[in-house]
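Fold and geometry: a report
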Amino acid sequence: MNVERDLHMTRGDGEHSYASNSRLQEKSILKTRPVLHKAVAAAHALSLSSGGPGGGAMVVADLGCSSGPNTLLVVSEVIKAVADCCRHEQQLAAGGQPQHVQFFLNDLPGNDFNLVFQSLELIRKLAAKDGLEEPLLPPYYVAGLPGAFYTRLFPDRTVHLF
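About the criteria used
Residues numbered from 1 in each chain as written. Predicted model: local features only at pLDDT ≥ 70, side-chain atom pairs only at ≥ 80, totals over all residues. Heavy atoms only, no water. Helix = DSSP H or I, 4+ residues; strand = E, 2+ residues; numbered from the N terminus. Buried < 20%, exposed > 50% of the residue type's maximum accessible area, 1.4 Å probe, protein only. Contact = heavy atoms within 4.5 Å. Areas by Shrake-Rupley, 256 points an atom, 1.4 Å probe, with all protein chains shown as cover. Pairing = 2+ DSSP bridges. Axes fitted to C-alpha atoms, helices over the stretch in contact; angles between N-to-C directions. Phe/Tyr/Trp six-rings, centres within 6.5 Å; stacked < 30°, edge-to-face > 60°. Patch = residues over 30% accessible without salt bridge, like charges linked within 9 Å, V, L, I, M, F, W, Y side chains within 5 Å. Salt bridge = Lys/Arg side-chain N within 4 Å of Asp/Glu carboxyl O. Arc of directions from axis to C-beta.

1. What to know about the overall build of the protein
Broken down by element type, the protein carries six helices and three strands. Secondary structure elements of the protein, listed N to C terminal, follow the sequence α-α-α-β-α-β-α-α-β. Counting only residues that meet the buried cut, the protein has 40% of its 162 residues in that class. Here the analysis covers contacts within the protein between residues at least 6 apart in sequence; of these, 81% occur between residues at least 24 apart. Only carbon and sulfur atoms are counted for the fraction: they give 56% of the accessible area of the protein, which is about 9200 Å².

Here it is as structure tokens:
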């Protein structure tokens, strides 16, 4: 069996696409929100204390991200958690630099990354829905990384949170 050819989600945002049929996954993401926020807080602390991978940025990889709103729901949750950490530490008020966050969205090369990138505005909308305005969001960068996560995708010690 060829994993990249045989095991993939239905592309696009049509009636039978993953983007339109992933409500159960959304519920799981929302239910595990406290665990994600705790993991982000730990990764954030590590990235600040060690200077860590990514040249001072916190690096996050979403393996098997597919496409659609769930991908950006996870990204927005990480951004909100980092913003909470920064507020909690009063890092911004003390004149410190905000933590930058680099996201690598990974999926098979056939993934509809165009749909993902066209939906990036959703991050700001999800954050605003939870009361976070643009100035409170940490600077973030999103990149697509095609490839099977069964193979090596990153150099050693370059990602804080998967």
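2. Describing the sheet that holds strand S3 (residues 140-146)
Reading across from one edge, S1-S2-S3 is the order of the three strands in this open sheet, with parallel pairing throughout. Whereas interior strands pair on both sides, the edge strands pair on one side only; in this sheet they are strand S1 (58-63) and S3. Ignoring strand direction, the axes of neighbouring strands in this sheet form an average angle of 20°. In the sheet, strand S2 (residues 101-107) pairs with S3 via seven bridges, with the strands oriented parallel.

3. A closer look at unusual backbone geometry
Here Arg 157, not a glycine, exhibits a phi torsion of approximately 50°, which is positive. Following the sequence through the fold, Arg 157 ends up in the segment after S3. Residue class for Arg 157 comes out exposed when judged on its relative accessible area of 75%.

4. Looking at the packing of aromatic side chains
Applying the stated rule across the entire model yields four aromatic pairs. For the ring pair Phe 149 and Tyr 150, a centre distance of 4.9 Å and an interplane angle of 40° mean the geometry is tilted. For Tyr 150, a relative accessible area of 64% translates into the label exposed.

5. Section: the pairing of S1
S1 sits mainly inside the fold: five of its six residues count as buried. Bridging between S1 and S2 involves six bridges; their strand directions are parallel. Residue pairing in the sheet places Asp 62 in a bridge with Leu 105 of S2.

6. Looking at a nonpolar patch on the surface
A surface patch of nonpolar side chains, amounting to about 480 Å² of accessible area, comprises Leu 63, Phe 149, Tyr 150 and Phe 162. On the secondary structure map, Tyr 150 appears in the segment after S3.

7. Notes on the pattern of salt bridges
Taken as a whole and assessed by the stated rule, the structure comprises three salt bridges. Between Arg 33 and Glu 77 there is a salt bridge whose closest N-O contact spans 3.2 Å. Of the two residues, Arg 33 sits in helix H3 (residues 33-50) while Glu 77 sits in helix H4 (residues 69-89), which places them 44 residues apart along the sequence. For Glu 77, a relative accessible area of 2% puts it in the buried group. Note that Arg 152 and Asp 156 form a salt bridge whose closest N and O atoms lie 2.1 Å from each other.

8. Some thoughts on helix H6 (residues 121-129)
Buried residues of H6: Ile 123, Leu 126 and Ala 127, and no others. The arc that holds the buried residues of H6, viewed along the axis, is 100°, so those residues lie on one side. Turned more than 90 degrees away from the buried face of H6, the exposed residues are Lys 125 and Lys 129.

Function-wise, these values are silent; they only describe arrangement.
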